[in-house]
Amino acid sequence: MPIVIGGIIVIIVILVTSWINSRNRQSLRSLAEPYELAIGSAVTGWQLSDQNYSSLLLEEFNLITPENAMKFGPLSPAPGQYDFTEADAIVAFADKNNLVVRGHTLVWTNQLPQWLSDGAYTQSETREILRNHILTVVGRYRGKVQYWDVVNEALANDGSIASNNFWMEHIGPDYIALAFEWAHEADPDALLFYNESYAEGKGEKADGVISLAQSLIARGVPIHGIGMEMHTGLGWSPNPQEVAHNMQRISTLGLDVQITEMDVRIEQPVTLDELNQQARVYAEILRVCLKATNCSAFSVWGLTDANSWIPSVYPGTGSALIFDEIMQPKPAYEAMIKVLQER
Ligand code: G3I
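All of the points below concern the structure found in this document. (Residues numbered from 1 in each chain as written. Predicted model: local features only at pLDDT ≥ 70, side-chain atom pairs only at ≥ 80, totals over all residues. Heavy atoms only, no water.)

A few words now on the overall build of the protein. Counting its regular elements, the protein contains 15 helices and 10 strands. Taking 343 residues into account, the globule formula puts the C-alpha radius of gyration at 20 Å, and the protein, at 21 Å, falls close to it. Seen through its C-alpha atoms, the protein measures out along the principal axes to roughly 85 × 45 × 40 Å. Residues classed as buried in the protein amount to 52% of the 343 residues present. Considering only contacts within the protein whose residues lie at least 6 apart along the sequence, 77% involve residues at least 24 apart. Split by element, the accessible area of the protein, about 15,300 Å² in all, is 53% carbon and sulfur. Within the protein, the 40 negative side-chain charges are centred at a point lying 6 Å from the centre of the 22 positive side-chain charges. (Helix = DSSP H or I, 4+ residues; strand = E, 2+ residues; numbered from the N terminus. Rg over C-alpha atoms; globule rule 2.2 N^0.38 Å. Buried < 20%, exposed > 50% of the residue type's maximum accessible area, 1.4 Å probe, protein only. Contact = heavy atoms within 4.5 Å. Areas by Shrake-Rupley, 256 points an atom, 1.4 Å probe, with all protein chains shown as cover. Lys, Arg positive; Asp, Glu negative; His and termini not counted. Charge placed at Lys NZ, Arg CZ, Asp CG, Glu CD.)

Turning our attention to the nonpolar core. Of all hydrophobic cores here, the largest spans 102 residues; its most connected members are Trp-148 and Phe-298. Residue contacts for Phe-298: discarding those within four places in its chain leaves Leu-37, Ala-38, Ile-39, Gly-40, Ile-259, Met-262, Tyr-282, Ile-285, Leu-286, Cys-289 and Met-336. Counting residues in hydrophobic clusters, the runner-up holds five residues, among them Ala-38, Leu-63, Tyr-147 and Phe-193. (Core = buried A, V, L, I, M, F, W, Y, C linked by side-chain atoms within 4.5 Å.)

Around the ligand lies a shell of 13 residues, among which Glu-67, Lys-71, His-104, Glu-153 and Glu-261 are the nearest. Glu-261 places a side-chain nitrogen or oxygen 2.7 Å from a nitrogen atom of the ligand. Between the ligand and the protein, one listed contact pairs an oxygen atom with a side-chain N or O atom of Trp-301 at 2.9 Å. Within the shell around the ligand, the residues separate by chemical class into three nonpolar, five polar and five charged. (Near = heavy atom within 4 Å. Polar contact = N/O pair within 3.5 Å; in protein donor to acceptor, adjacent residues only side chain to side chain. Nonpolar A, V, L, I, M, F, W, Y, C, P; charged D, E, K, R; others polar.)

Below, the discussion takes up the pattern of salt bridges. This model, assessed by the stated rule, comprises 10 salt bridges. With a closest N to O distance of 3.7 Å, Arg-131 and Glu-128 form a salt bridge. With Arg-131 and Glu-128 both in helix H8 (residues 123–140), this residue pair falls three residues apart, about one helical turn. Classification of Arg-131 as partly exposed rests on a relative accessible area of 26%. Its relative accessible area of 38% is what places Glu-128 among the partly exposed residues. (Salt bridge = Lys/Arg side-chain N within 4 Å of Asp/Glu carboxyl O.)

Together, Tyr-198, Trp-236, Val-313 and Tyr-314 line one region of the surface with nonpolar side chains, adding up to about 370 Å² of accessible area. Tracing the backbone shows Tyr-314 in the loop between helix H14 (310–313) and strand E10 (317–318). (Patch = residues over 30% accessible without salt bridge, like charges linked within 9 Å, V, L, I, M, F, W, Y side chains within 5 Å.)

The subject of this paragraph is the packing of aromatic side chains. Counting across every chain of the model gives 10 aromatic pairs. Judged by centre distance (5.5 Å) and plane angle (90 degrees), the rings of Tyr-147 and Phe-193 are edge-to-face. With Tyr-147 in strand E4 (residues 147–152) and Phe-193 in strand E5 (residues 191–196), this pair connects stretches of sequence that are 46 residues apart. Here Phe-193 falls in the buried class, since its relative accessible area comes to 0%. Aromatic side chains Phe-323 and Tyr-333 sit 5.0 Å apart centroid to centroid with 45 degrees between the ring planes, which places their arrangement in the tilted category. In this pair, Phe-323 sits in the loop between E10 and helix H15 (331–340) while Tyr-333 sits in helix H15, placing the two residues 10 residues apart along the sequence. With a relative accessible area of 3%, Tyr-333 lands in the buried category. One aromatic cluster in this structure is built from Phe-72, Trp-115, Tyr-121, Phe-166 and Trp-167. Above the plane of the ring of Phe-193 lies Arg-102, whose end atom (NZ or CZ) is 5.2 Å from the centre. (Phe/Tyr/Trp six-rings, centres within 6.5 Å; stacked < 30°, edge-to-face > 60°. Lys NZ or Arg CZ within 6 Å of the ring centre and 35° of its normal.)

Along the chain, Thr-65 turns up in strand E2 (residues 63–66). Residue class for Thr-65 comes out buried when judged on its relative accessible area of 1%. Residues in contact with Thr-65, not counting those within four places in the same chain, are Ser-41, Ala-42, Val-43, Arg-102, His-104 and Trp-301.

Let's shift gears to the pairing of E4. Moving residue by residue along a regular strand, the side chains alternate between the two faces of the sheet. Burial analysis of E4 places six of its six residues in the buried class, the great majority of the element. Sheet topology places strand E3 (residues 100–107) next to E4; four bridges connect them, and they run parallel. Bridge pairing in E4 links His-104 to Asp-149. Where E4 meets E5, five bridges bridge the pair, whose relative direction is parallel. (Pairing = 2+ DSSP bridges.)

The geometry of helix H11 (residues 204–218) relative to helix H12 (residues 240–252) is characterised by a closest axis approach of 10 Å and an angle of 10 degrees between their N-to-C directions. By the angle between their directions, the pair H11 and H12 is classed as roughly parallel. Residue-level inspection shows Ala-206, Asp-207 and Ile-210 of H11 in contact with H12, the latter providing Asn-246, Arg-249 and Ile-250. A class-by-class count of the residues in the contact of H11 with H12 yields three nonpolar, one polar and two charged. (Axes fitted to C-alpha atoms, helices over the stretch in contact; angles between N-to-C directions. Parallel < 35°, antiparallel > 145°, perpendicular 65-115°, else oblique.)

What the rule picks out here adds up to one disulfide. Sulfur-sulfur distance for the disulfide between Cys-289 and Cys-295 comes to 2.0 Å. Its S-S torsion of about -90 degrees marks the bond between Cys-289 and Cys-295 as left-handed, since a negative value means left-handed. Considered together, Cys-289 and Cys-295 belong to a single accessibility category, that of buried residues. (Disulfide = S-S within 2.5 Å.)

See the structure below:
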């Protein structure tokens, strides 16, 4: 009998110890809390129903961005019709788990529904379609989506407003300001971002982001932040000092800045040394964000390498995220933990 009791006691001690360890285990989100920095990941609705996926997500992240579910095409399969199923599931998951949501994205020239891109609508019809879309989508999630990528990737590499853009062609340059105004009308409390890729370091495109923001602010357009997507690769990631300078320029405009879609792709097959180099890139950019006065969120563009868009778009590259295909932490994850512990 004493042996049985002894065995039960040992089991209880082991269970309690592992519970305490799991509670105290440092995670990205827990270590980032004192910095008031949200740590995020892109998600898709069906992944959230996977127990292993959702527990890792909730352990490490407190912000989620629908990777595709809130884009025009996935949301609106026919004129005036909406399928909110996946977007609602993501917002409900965030609500239940007290996560912040970045709505992505209201206005982009990619992933438009065919009825719109082939629709041959007039300028005023297109403007009305966009206005209704923004009021419908932002209105639906009023108070549930804290940040919106209102306009995504509107600039050309030289920093000018891209002409090869559906909205530019069908409404004109005013589409950007109008989109922000309609989003603000639909949810005055949501923080409205302009989100851009490959404009994180020094260059014409980064200057273009600043000029665009300045012109919107000068016109009294409600814009609150700039998203730096941070899609990078080993050997060509932006200089951290240049990123810090751009964050400072954004701060002088009174705007927030967020790393919104970070991934660091590597040519396959990957070596341990390359994973360690990748870790240094993640650590450098996280450190820049922590040191900036206006960097409020740091998001990766997918939870694990199995969920990344990279291999399908850039065949022969991959391993771009901080957890591997079987959800194990990579050197990049460990490096980010270390940076967060540097306080
Ligand atoms: O859902 C359909 C499916 O029904 C269909 O069978 C399949 C094959 O045609 O396509 C599926 O849609 C794909 C969608 O991802 C969901 O998987 C689209 O074709 C594909 O183009 C789309 O790619 C997304 C891409 O944006 C679209 O441009 C990627 O997942 C997404 O990671 C990527 O994310 C963008 C950000 O929104 C903006 N910043 C750049 C970033 C990378 O391009």
